[in-house]
Amino acid sequence: MQNYLPDKFFKNSQKEFFISDTNSGHSVFATTITLPVFSFPEIIPRNLFSFSGTNDGQSGPNPRFKMILWFIIAGTKGGINRAKILNLIKDTPMNANKIATVLNLDHKTIVHHVKILSKNDLVIKAEKDYAAEYQLTKIMKENQSVLEEIMQKIGTK
Amino acid sequence: MVDFMLAAVVAAFLNIGLLLVAIGTYVQNMRVIRSYYTSGLVLVASLLMIQNVVIVLFWSTLYMDDKALMMSADMVAHYLFAINVIQTIGLSILVWITRR
């Protein structure tokens, strides 16, 4: 069995020790083999369930981030407006009021969209102020090519 | 006694309603963004819709017309009910996320 499993599973699993036989007064050599103890970090790779924004040295956008952005934009009701907001603040941070003016949308709508976007870690408030400007988060900036791809598909519609 | 078959059909109707809302949103988005992603969403939701329409059609035609089939279908109706209710819960969450 040991041949089929990596050595680390058998670390400290086999112990040899002497048991003193109380009846005869002799020591008896005994070997016990305990079952290998698995711990989840050993079997399941780290970062499998957590989403780290880094690309881990890969080129191009992070595929998992791409999926999230596509769903938020193409799979939800106000997605198109969310894409327009992201595209608007990608170069110059703006506050909700200014975004509403530029996009010709209701201030309340913008506040709602920005709330969803910040909950999904796409935009961040510059400071904790009422009229604070919103800007793209680090992970969003790193994967801006996905947004550009989607904006190209939206075009001028 | 609870008529599980009727409850399952009610759940199927609820699923159809939820899927109509989801497809409506996806089609609106597809008209602006034409891509594999948006077409895929519409396709998946439509296939689920067909599944639920088939359940309703099965109930209204085969099940209602055939006494023998009705008896044997009633024996497994609670399974169909469980499947449909789980789908209703899942679709409710999906529609909630989609319409936010």
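None of the values given here were measured: they were computed from a predicted structure. (Residues numbered from 1 in each chain as written. Chains lettered and ligands numbered in written order. Predicted model: local features only at pLDDT ≥ 70, side-chain atom pairs only at ≥ 80, totals over all residues.)

Our next topic: the environment of A11 of chain B. Residue and element names in this part refer to chain B. Within the secondary structure, A11 is located in helix α1 (residues 4-32). You can call A11 buried: it has 22 C-beta atoms within 10 Å. Separated by 10 residues in the primary sequence, A11 and V21 have C-alpha atoms spaced 15 Å apart. Excluding residues that lie within four positions of it along the chain, A11 makes contacts with F81, N84, V85 and T88. (Helix = DSSP H or I, 4+ residues; strand = E, 2+ residues; numbered from the N terminus. Buried ≥ 20, exposed ≤ 12 C-beta atoms within 10 Å, placed from the backbone. Contact = placed C-beta atoms within 7 Å.)

Residues and elements named next belong to chain A. Its identity as a non-glycine residue notwithstanding, N104 has a phi of 60°, on the positive side. Here N104 shows up in the loop between α4 (96-103) and α5 (107-119). Taking the C-beta count within 10 Å as the criterion, N104 has 6 such neighbours and is therefore assigned exposed. Within the chain, D121 stands out as a residue other than glycine whose phi angle is a positive 65°. Position of D121 relative to the elements: it lies in the loop between α5 and β3 (123-125). Taking the C-beta count within 10 Å as the criterion, D121 has 15 such neighbours and is therefore assigned partly exposed.

The interface is formed by 12 residues belonging to chain A together with 14 residues belonging to chain B. If you list the elements that add at least two residues to the side of chain A that touches chain B, you get α2 (63-74), α3 (79-88) and α7 (144-154) of chain A. Examining the composition of the side of chain A that touches chain B, we find that 3 residues originate from one element, α7 of chain A, more than from any other. Considered class by class, the residues forming the side of chain A that touches chain B number 6 nonpolar, 3 polar and 3 charged. (Nonpolar A, V, L, I, M, F, W, Y, C, P; charged D, E, K, R; others polar.)

The subject of this paragraph is the packing of α3 of chain A against α5 of chain A. All names here are of chain A. One way to put it is that α3 packs onto α5 with a least axis distance of 10 Å and a crossing angle of 75°. Relative to α5, the element α3 is oriented roughly perpendicular. In this structure, α3 uses N81, R82, I85 and L86 to contact α5, whose residues at the interface are H113, V114, I116 and L117. For the contact of α3 with α5, the class distribution of residues is 5 nonpolar, 2 polar and 1 charged. (Axes fitted to C-alpha atoms, helices over the stretch in contact; angles between N-to-C directions. Parallel < 35°, antiparallel > 145°, perpendicular 65-115°, else oblique.)

Okay, the environment of R100 of chain B next. Here R100 of chain B shows up in the segment after α4 (77-99). With 14 C-beta atoms counted inside 10 Å, the residue R100 of chain B sits in the partly exposed group. Once residues within four sequence positions are removed from consideration, R100 of chain B is found in contact with T76 and I116 of chain A.

The values are spatial; any link to function lies outside them.
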